[in-house]
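These are the residues of each chain, in order.
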Amino acid sequence: MIGGIFPVFNKEIASISTFDQKPSGVKCAGFDLRVFRWTQVMAFAIEEINEDTVLLPNISLGYRILDSCASPTNTLRAALSLAVGEEETEPGVSCLPAISALIAESGSSQSLAVAGTLGPFQLPIVSYFSTCACLSDRSKYPTFFRTIPSDYFQAKALAALVKRFSWRWIGAIQSDNDYGRHGVLAFKQEVKKLGVCIAFVGTILRTYPVERIKAVVEMIKISRIKVVLAFVPEGDFYPLMTELVKQNITGIQWIASEAWITAPRPSTPEIYQAFGGALGFVVQKMAIPKLKPFLRGINPYKDASSAFVREFWKSMVGCKVVLPGEHADDSHAICAGNETIMNSRDVFFNVTQLRVSYNVYKAVYAVAQALHQLIFCQAVGEKTAQPCLNLADIQPKQVTDHLQRVSFKNQFGDDVFFDENGDPPASYDLINWQLRDGQVQHVTLGHFASTANGNYELSIRERDIVWRTGNTVPISVCSVECPQGTRKAQIKGKPVCCFDCIPCPDGTIANTTGAADCIPCKKEFWSNERRTECIPKTIEFLTYYEPMGIALTVVSLMGASLSMAIMLIFICYKNTPVIKASNSELSIFLLFSLFLCFLCPLTFIGKPTTWVCMLRHTAFGVTFALCISCILGKTIVVVTAFKASFPGSKVAGKFGPMQQRIIVCCCTLVQILICVLWLKISPPFPALVFKHSNRKIILECNTGSEAAFYAVLGYIGLLSTICLILAFLARKLPDNFNEAKFITFSMLIFCAVWIAFIPAYVSSPGKFTVAVEIFAILSSAFSLLFSIFAPKCYIILIKPEKNTKKHVMGKMLNVGQ
């Protein structure tokens, strides 16, 4: 015996108990032709099995089908009645055998009630339309099976559909039961991974008053959402559908759950006005050709006691069947008895697109296969088919165990089996509502199924889809996708799909649309103006081609040329009194060192390399040390020369040319030793500096050792200070030709330049640091050149009459007299 529970009537009529008489039985209304066909498919499948000589040979299956009125309470009452076999259905029949398996139910809430109650008794339950993912929990529902995929898979399919068309802001309608709540929850969990937001969740139920239905309609209108998911059974959704049509709310793209997308009642041109173009997933369809004659053979006059046949006949023919001996009322037309349905074109007889009916068919065959393996201890189709178990000894737990292991290919080529959770393999067709020849057609335009690697694949013929909004895919977003170069900025108090687009800050980019964050560029790169890509930073150094480099080069070469010109003048006029009085040898050495000092800035211009960096700093240190050493020698000569003019002085004899050369060489040698140590320990090297500018990389020479660099500068400063002190002491000596005051003046300028250089050098950014150093070199070199040699050149070239021994020695002689 196999039991079946179906919601043949979809609404229970409420009654109030007065407690003064026995309560009347449950009354239901709303006969559902679609569900009645499910009951007939069960009966057809059992008859087909009974006629099969291979499956359960010599054994006849019986069945009992009860109505649930789509109510969990009535479903549980019917299930308990079937499980214990104690309901009296006919006079004289006091006890019917208990069922071995139960085919139930369509609603998830009803199945939860039955599975939770009968599960501990190990009675197997096979559902044909309950999809709630919660029913896959084997710890709570150990005997529950189903031939329709779980909402866990449907949620994945719906999420894949939403992702395919880039919908990011959608609404949801759920039924106020386990099916709707768990379905929407599973869907929300899936789309959350995709960054999709649910704008609202409306809750409806067929028993809700009109005010609550209108409140949901108002919610939809206020939200202005363009895409709405309805995870609702047909019976619960229909009142909302009619209200939406009544208020002429169109322009919404509806996404349907499998519970209503192919339901016949809402598939009318009237409902199509608001729901045309709806998309939804359903289980695969199948044609059962032999079923059609069986359905056309239904007749209340053949078997008046058959369940629900009279209601079916009333719905199909339009009259009430009254058999002989029965009382007839005037509420309905009485059938004459010659009515027929053989030529009816009602969709009830269309057996080419069976979906839920096919699930019922598979459920019956799965139970039959389990019973066969249990009774005959072998698979269907093997030669020997002798029972190994007494039918009276069949226990529900044994049927459950064999049902879990069922795996067969049915006559239509489909594999029927259950996984460890009692679920079948996931496979859906994508349905699109289209209006053809004035009729709503459920057109299959895609497929969703699991792949071999455990993933899921969605295929859609997008060009054939009819959209509610026209020929283009509807756009449903809270905020438009952020363009490249911007990032999302969450709006406080709004879902994550509602955001502002903020331009990326400097140094970061967003090279994709809808970027959540800006990507920082590597330190060698910087963002372009549009913040869409990282471009290499400009490498900056002082070049010969820029105005500053050209100017400094010209000034440097002018200084070097001027030094050479003055040197030639000194060589040409070396025998004149002015040249002799200024110590021609040291003067030429000094001019040569100044020549080198003027050429030294050229090493500071151009791209720094390892050799250039080592050369520029050491050349600077050595040339200036040589220059100051020569000036120091000249200063000592001036002081000793005038000291020697006093009677008895022997200083001049002790400080001759040899001693002057030794001073110059020794002072310069010290600087050379410092530079050698510098190059040996930590030499200068080219380095990329990023801190001065975000858009530029400064290529400069790193000093390597700061101590060595400042030691070089310090040594030059020491020599300069000694020169300045000696020259200052000799400034009041006879002044017709007193070099001391010129040296004092030149050294004052020299020291001022280099004292000002240090803070300017430290604070100048990038290539301006090099420019400051070059400026200091050229300024100090020109101060020495003009201060010391300009007066001499003036006398030699402009006032040659003063270039006499008498004039040079005049004041000194006056002082001597």
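Quantities reported herein were computed from a predicted structural model and do not represent experimental measurements.

Participant: Whenever I open this one, helix α18 (residues 657-681) confuses me. Can you help?
Facilitator: The α-helix advances 3.6 residues per turn, and as a result positions three or four apart in sequence lie on the same side. Compared with the 36 Å implied by 1.5 Å per residue over 25 residues, the 36 Å span of α18 between its first and last C-alpha is a close match. Of all the positions in α18, only Q660, I663, V664, C667, T668, Q671, C675 and W678 are classed as buried.

Participant: Please explain the pattern of salt bridges as it appears in this structure.
Facilitator: In the structure shown here, the tally under the stated rule is 17 salt bridges. One salt bridge in this structure joins E234 and R265, with 3.0 Å as the shortest N-O distance. Placement of the pair is E234 in helix α7 (residues 234-246) and R265 in the loop between β11 (253-256) and α8 (269-275), with a sequence separation of 31 residues. The salt bridge partner of R661 is E585, with a shortest N-O separation of 2.5 Å. Linking R661 in helix α18 with E585 in helix α15 (residues 584-599), this pair joins segments that are 76 residues apart in sequence. The partly exposed category is assigned to R661, whose relative accessible area is 34%. Here the salt bridges share partners, and the residues they tie into one network are R34, E234 and R265.

Participant: Explain the pairing of strand β25 (residues 685-689) to me, please; I cannot follow it from the model alone.
Facilitator: Looking along a regular strand, one sees side chains alternate from face to face of the sheet. As defined by bridge partners, β25 adjoins strand β26 (residues 696-702) across 5 bridges and the pair is classed as antiparallel. Bridge pairing in β26 places P686 opposite C701. Two successive antiparallel strands, β25 and β26, enclose a turn made up of 6 residues.

Participant: Got a minute to help me understand the packing of helix α13 (residues 547-572) against α15 in this structure?
Facilitator: When two helices pack together, their arrangement is captured by the angle between the axes and the distance separating the axes. Two elements in contact, α13 and α15, have axes whose closest approach is 8 Å; the angle formed by their N-to-C orientations is 165°. As judged from the angle between their axes, α13 and α15 are roughly antiparallel. Two packed elements cross with a definite hand, and for α13 against α15 that hand is left-handed. Of the residues in α15, those touching α13 at S556, L557, G559, A560, S563, M564, I566, M567, F570 and I571 are S587, I588, L591, F592, L594, F595, F598 and L599. Residue composition of the contact of α13 with α15, by class: 14 nonpolar, 4 polar and no charged.

Participant: Quick question: what am I supposed to make of the environment of D32 here?
Facilitator: With respect to the helices and strands, the residue D32 is situated in the loop between β3 (27-31) and α1 (33-50). Using a relative accessible area of 14% as the deciding quantity, one classes D32 as buried. The sequence separation of D32 and R138 amounts to 106 residues, and the corresponding C-alpha distance is 32 Å. Setting aside residues no more than four positions away along its own chain, D32 makes contact with P7, V8, N10 and E234. Among the polar contacts made by the side chain of D32, one reaches the main-chain amide nitrogen of R34 at a distance of 3.0 Å.

Participant: Could you clarify how one ought to interpret the pairing of strand β9 (residues 197-204) in this entry?
Facilitator: Note: strand β8 (residues 169-175) against β9, 6 bridges, orientation parallel. Bridge pairing in β9 places S175 opposite I204. Crossover connection from β8 via helix α5 (residues 178-192) to parallel β9: handedness right-handed.

Participant: Quick question: what am I supposed to make of the environment of L713 here?
Facilitator: In this fold, L713 is placed in helix α19 (residues 706-729). Accessibility expressed as a relative area gives 14% for L713, which makes it buried. Separated by 485 residues in sequence, L713 and V228 place their C-alpha atoms 79 Å apart.

Participant: Got a minute to help me understand the confidence of the model for the protein chain in this structure?
Facilitator: The predicted structure's coordinates, where accompanied by low pLDDT, should not be read in detail. Looking at the protein chain, the pLDDT average stands at 86 and 92% of residues meet or exceed 70. Low pLDDT, under 50, characterises residues 811-817; the predicted model gives this stretch 7 contacts beyond four residues in sequence or across chains.

Participant: Can you help me understand the state of the cysteines in this one?
Facilitator: Defined simply, a disulfide is a covalent bond joining two cysteines at their sulfur atoms. Throughout the structure, instances matching the rule amount to 10 disulfides. Two residues, C478 and C498, share a disulfide whose sulfurs are 1.9 Å apart. One quick way to see it: the torsion about the S-S bond of C478 and C498 is about 105°, and its sign makes the bridge right-handed. Here C478, found in the loop between β17 (456-460) and β18 (486-490), pairs with C498, found in the loop between β18 and β19 (499-503); they are 20 residues apart in sequence, far enough to count as distant.

Participant: Just checking my understanding: could you explain unusual backbone geometry for this structure?
Facilitator: Excluding glycine, residues mostly have negative phi values, and the peptide bonds linking residues are mostly trans. Cis geometry marks the peptide bond from A104 to E105; its omega dihedral reads -10°. Its identity is not glycine, yet R224 carries a phi of approximately 60°, on the positive side. As for its placement among the helices and strands, R224 is situated in the loop between α6 (210-223) and β10 (227-231). You will see that N248, though not glycine, has its phi angle at about 55°, which is positive. Inspection of the secondary structure assignment puts N248 in the loop between α7 and β11. Residue class for N248 comes out exposed when judged on its relative accessible area of 57%.

Participant: Explain the packing of helix α2 (residues 72-84) against helix α3 (residues 108-118) here, please?
Facilitator: Orientation of α2 relative to α3, taken along the N-to-C sense of each, is 40°, at an axis distance of 8 Å. The orientation of α2 with respect to α3, classified from their angle, is oblique. Crossing of α2 against α3: the hand is right-handed. When α2 is examined against α3, the residues P72, T75, L76, A79, L80 and A83 are found in contact with a partner set consisting of S109, Q110, A113, V114, T117 and L118. Looking at the contact of α2 with α3 residue by residue, the classes come out as 8 nonpolar, 4 polar and no charged.

Participant: Which parts of the structure should I look at to understand the sheet that holds β25?
Facilitator: One key point about sheets: their strands pair by backbone hydrogen bonds, in either a parallel or an antiparallel sense. In spatial order, the strands read β24-β26-β25; together these 3 strands make up an open sheet with mixed pairing. Here the strands that pair on one side only, and so sit at the sheet edges, are β24 (538-540) and β25. Neighbour-to-neighbour, the strand axes of this sheet turn through a mean angle of 30°, independent of strand direction. Direction of pairing for β24 relative to β26: parallel, over a ladder of 3 bridges. Its bridge partner lying in β26, E540 is registered against I698.

Participant: How should the packing of aromatic side chains be read in this particular structure?
Facilitator: Note on aromatic pairs: each is described by the distance of the centres and the angle between the planes. The final tally for this structure, using the stated rule, is 40 aromatic pairs. Ring geometry for F6 against Y128: centres 4.9 Å apart, planes inclined by 25°, an arrangement best described as stacked. Of this pair, F6 sits in strand β1 (residues 2-6) while Y128 sits in the loop between β6 (125-127) and β7 (144-146), and the two are 122 residues apart along the sequence. There is no split in this pair, since F6 and Y128 are both buried. Here F153 and Y456 contribute two aromatic rings whose centre-to-centre distance is 6.2 Å and whose plane-to-plane angle is 55°, an arrangement assigned as tilted. Of the two residues, F153 is situated in helix α4 (residues 151-164) and Y456 in strand β17; the sequence distance between them amounts to 303 residues. You can call Y456 partly exposed: its relative accessible area is 29%. An aromatic cluster of three or more residues is present, and its members are F9, F31, F36, F308, F312, F348 and F349. Just above the ring of Y208 sits the side chain of R212; from NZ or CZ to the centre is 3.7 Å. In this arrangement the basic side chain of K792 is found over the ring face of F789, its NZ or CZ atom lying 5.9 Å from the centre.

Definitions and limits used
- Residues numbered from 1 in each chain as written.
- Predicted model: local features only at pLDDT ≥ 70, side-chain atom pairs only at ≥ 80, totals over all residues.
- Heavy atoms only, no water.
- Helix = DSSP H or I, 4+ residues; strand = E, 2+ residues; numbered from the N terminus.
- Expected span 1.5 Å × (residues − 1).
- Buried < 20%, exposed > 50% of the residue type's maximum accessible area, 1.4 Å probe, protein only.
- Salt bridge = Lys/Arg side-chain N within 4 Å of Asp/Glu carboxyl O.
- Pairing = 2+ DSSP bridges.
- Axes fitted to C-alpha atoms, helices over the stretch in contact; angles between N-to-C directions.
- Parallel < 35°, antiparallel > 145°, perpendicular 65-115°, else oblique.
- Left-handed = near helix turned anticlockwise from the far one by under 90°.
- Contact = heavy atoms within 4.5 Å.
- Nonpolar A, V, L, I, M, F, W, Y, C, P; charged D, E, K, R; others polar.
- Polar contact = N/O pair within 3.5 Å; in protein donor to acceptor, adjacent residues only side chain to side chain.
- Right-handed = clockwise from strand over helix to strand, strands pointing away.
- pLDDT = per-residue confidence, 0-100.
- Disulfide = S-S within 2.5 Å.
- Phe/Tyr/Trp six-rings, centres within 6.5 Å; stacked < 30°, edge-to-face > 60°.
- Lys NZ or Arg CZ within 6 Å of the ring centre and 35° of its normal.

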